[in-house]
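The residues making up each chain are set out below.
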Amino acid sequence: MISYKSQTWIVVALTVFTRFPQSFAAKKNFVTCGSVVKLLNMHYNVRLHSHDVKYGSGSGQQSVTAIELKEDVNSHWIIKAPTDKYCERGEPIKCDEIIRLEHLTTKKNLHSHYFDSPLSGNQEVSAYGNNGLGDTGDHWQLLCSNDVWVRDARVFFRHVDTGVYLGLSGRSFGRPIAGQMEVAGLDSLHSDGTRWTTAEGLYIAPKEKEAEYAHTEL
C-alpha cells in the first residue's frame, strides 16, 4: 500500500516537475512497477479516467470512463502487482504479466465483473476497493509483443477472471459526465477501442537503488 505521504509527493511531482531531457527518457523506456501513468486509447484518442461518480445501474460502483482532456489528474493510474503479491519499485513489467491499476485520486482499483455496462450492454468496468485493497476482479493481464512493457508501444489488457478485454464501446454519456466515453469489457481482442498506449505520467526508472524519474506531464 502506498502511504499518504507518498501519495502526496506523487501529486506534487505530477504537477510541478518539468520534462527530463530526451536522452534521459530514451534510456528509461520501460514501464515499471510503481509508475503513475495515463493510458491513451489508440483508436479513440482518449485517456482512461475515473472519479467519485457511481454508476446508476449495474454494480453501483465508481464509474470508469475515458476523456479527451490531457491535464485531468483523475486520469492517473498506479501500476501495482496482483493482490497479495509484490513487485519491486522500478521493476519493468513483463508482457503477459498480471497487474493491477490503482486510481491515484480515489485509491480504487480498475475492476470488472459480470454486470452489463450502462450504455452498450457489454461488460461493466468499474473502480473498486478501499485504499488499494480489492479482490481478483482487479487483475488484468498485460498483452504486448515485446519481452517487457515498452513506453509508447501498443498493449492490450485482458481481465483475468472473465476473459474480456479493456476497451471502449464508442458511446458517450450524458449528464452528469457528459461527453465522457463508456469504458467496457469487450469480448474480442480485435474490437475497435481495445488498443492502449502510455501517455503522460511519472515513470520510475528500472533497477535503481535510489529512484529516478522520467516525467512527461504537460
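Residues numbered from 1 in each chain as written. Predicted model: local features only at pLDDT ≥ 70, side-chain atom pairs only at ≥ 80, totals over all residues. Heavy atoms only, no water.

Trainee: Teacher, can you tell me more about the overall build of the protein here?
Mentor: Looking only at helices and strands, the protein features 2 helices and 13 strands. Split into buried and exposed, the 218 residues of the protein put 53% on the buried side. For the protein, long-range pairs separated by at least 24 residues make up 65% of all intrachain contacts whose partners lie at least 6 apart in sequence. Of the roughly 10400 Å² of accessible surface on the protein, a fraction of 49% belongs to carbon and sulfur atoms. (Helix = DSSP H or I, 4+ residues; strand = E, 2+ residues; numbered from the N terminus. Buried < 20%, exposed > 50% of the residue type's maximum accessible area, 1.4 Å probe, protein only. Contact = heavy atoms within 4.5 Å. Areas by Shrake-Rupley, 256 points an atom, 1.4 Å probe, with all protein chains shown as cover.)

Trainee: Help me understand the pairing of strand S1 (residues 36–41), please; the structure alone is not making it clear to me.
Mentor: Every other side chain in a regular strand lies on the same face of the sheet, so the side chains alternate between the two faces. Across the 6 residues that make up S1, a large majority, 6, are buried. Of the two faces of S1, the one carrying Val-36, Lys-38 and Leu-40 and the one carrying Val-37, Leu-39 and Asn-41 are both buried. In this sheet, strand S12 (residues 196–204) lies alongside S1 in antiparallel orientation, the contact comprising 5 bridges. Bridging across to S12, Val-37 finds its partner in Gly-201. (Pairing = 2+ DSSP bridges.)

Trainee: Honestly, the state of the cysteines in this entry has me stumped. Any pointers?
Mentor: Note on terminology: a disulfide is the covalent bond linking the sulfur atoms of two cysteines. Tallying each qualifying case throughout the model produces 2 disulfides. Here Cys-33 pairs with Cys-87 through a disulfide, and the sulfurs are 1.9 Å apart. Every disulfide takes its handedness from the sign of the S-S torsion; for Cys-33 and Cys-87 that torsion is 65°, giving right-handed. Here Cys-33, found in the loop between helix H2 (22–27) and S1, pairs with Cys-87, found in the loop between strand S4 (77–80) and strand S5 (98–103); they are 54 residues apart in sequence, far enough to count as distant. Between Cys-95 and Cys-144 runs a disulfide, and the two sulfur atoms are separated by 1.9 Å. Residues Cys-95 and Cys-144 are joined by a disulfide whose S-S torsion is about -115°; by sign, that bridge is left-handed. With Cys-95 in the loop between S4 and S5 and Cys-144 in the loop between strand S8 (140–143) and strand S9 (156–159), the pair connects residues that are 49 residues apart, well separated along the chain. By relative accessible area, Cys-95 is classed as buried at 12%. Across the protein, the disulfide pattern expressed with sequentially numbered bonded cysteines is 1-2, 3-4. (Disulfide = S-S within 2.5 Å.)

Trainee: Would you mind showing me how to read the pattern of salt bridges here?
Mentor: Where side chains of opposite charge bring their charged atoms close, a pairing between them can arise. Counting across every chain of the model gives 3 salt bridges. Among the salt bridges present, the one from Lys-54 reaches Asp-52, with a minimum N-O distance of 3.9 Å. Of the residues examined, Lys-54 reaches a relative accessible area of 56% and is grouped as exposed. For Glu-102, the salt bridge is made with Lys-80, and the minimal N-O distance between the two is 2.7 Å. Of this pair, Glu-102 sits in strand S5 while Lys-80 is found in strand S4, placing the two residues 22 residues apart along the sequence. (Salt bridge = Lys/Arg side-chain N within 4 Å of Asp/Glu carboxyl O.)

Trainee: Please clarify how unusual backbone geometry should be interpreted in this entry.
Mentor: Of all residues except glycine, most have a negative phi; of all peptide bonds, most are trans. Cis peptide bonds are those with omega within 30 degrees of zero, and the linkage from Arg-175 to Pro-176 qualifies with 10°. Relative to the elements of secondary structure, Pro-176 occurs in the loop between strand S10 (165–172) and strand S11 (181–186). Phi is positive for Asn-131, close to 50°, though the residue is something other than glycine. With a relative accessible area of 43%, Asn-131 lands in the partly exposed category.

Trainee: For this particular structure, what's the right way to read the confidence of the model for the protein?
Mentor: The predicted coordinates of low-pLDDT regions are not to be read in fine detail. Averaged over all residues, the pLDDT of the protein equals 87, while 82% of them reach at least 70. Here residues 15–27 scores under 50 on pLDDT; set against residues more than four positions off or in separate chains, the count is 12 contacts. (pLDDT = per-residue confidence, 0-100.)

Trainee: How should I be thinking about the side chain of Gln-141 in this particular structure?
Mentor: If you trace the backbone, Gln-141 turns up in strand S8. From its side chain, Gln-141 meets the backbone oxygen of Asp-96 in a polar contact 3.3 Å long. With sequence-adjacent residues up to four places away left out, Gln-141 is seen in contact with Asp-96, Glu-97, Ile-98, Phe-156, Phe-157, Arg-158 and Val-160. (Polar contact = N/O pair within 3.5 Å; in protein donor to acceptor, adjacent residues only side chain to side chain.)

Trainee: Help me understand the nonpolar core, please; the structure alone is not making it clear to me.
Mentor: Generally speaking, nonpolar side chains in soluble globular proteins are found buried as a group. Leu-48, Val-64, Leu-110, Trp-149, Phe-157 and Leu-166 are the most contacted members of the largest nonpolar core, which totals 34 residues. In this view, Leu-166 contacts Leu-48, Leu-110, Val-125, Trp-140, Phe-157, Val-183, Ala-184, Gly-193, Thr-194 and Trp-196; residues no more than four positions away in its chain are not counted. (Core = buried A, V, L, I, M, F, W, Y, C linked by side-chain atoms within 4.5 Å.)

Trainee: Would you take a moment to explain the environment of Lys-54 for this structure?
Mentor: In this structure, Lys-54 sits in strand S2 (residues 46–54). Residues in contact with Lys-54, not counting those within four places in the same chain, are Gly-60, Gln-61, Gln-62 and Ser-63.

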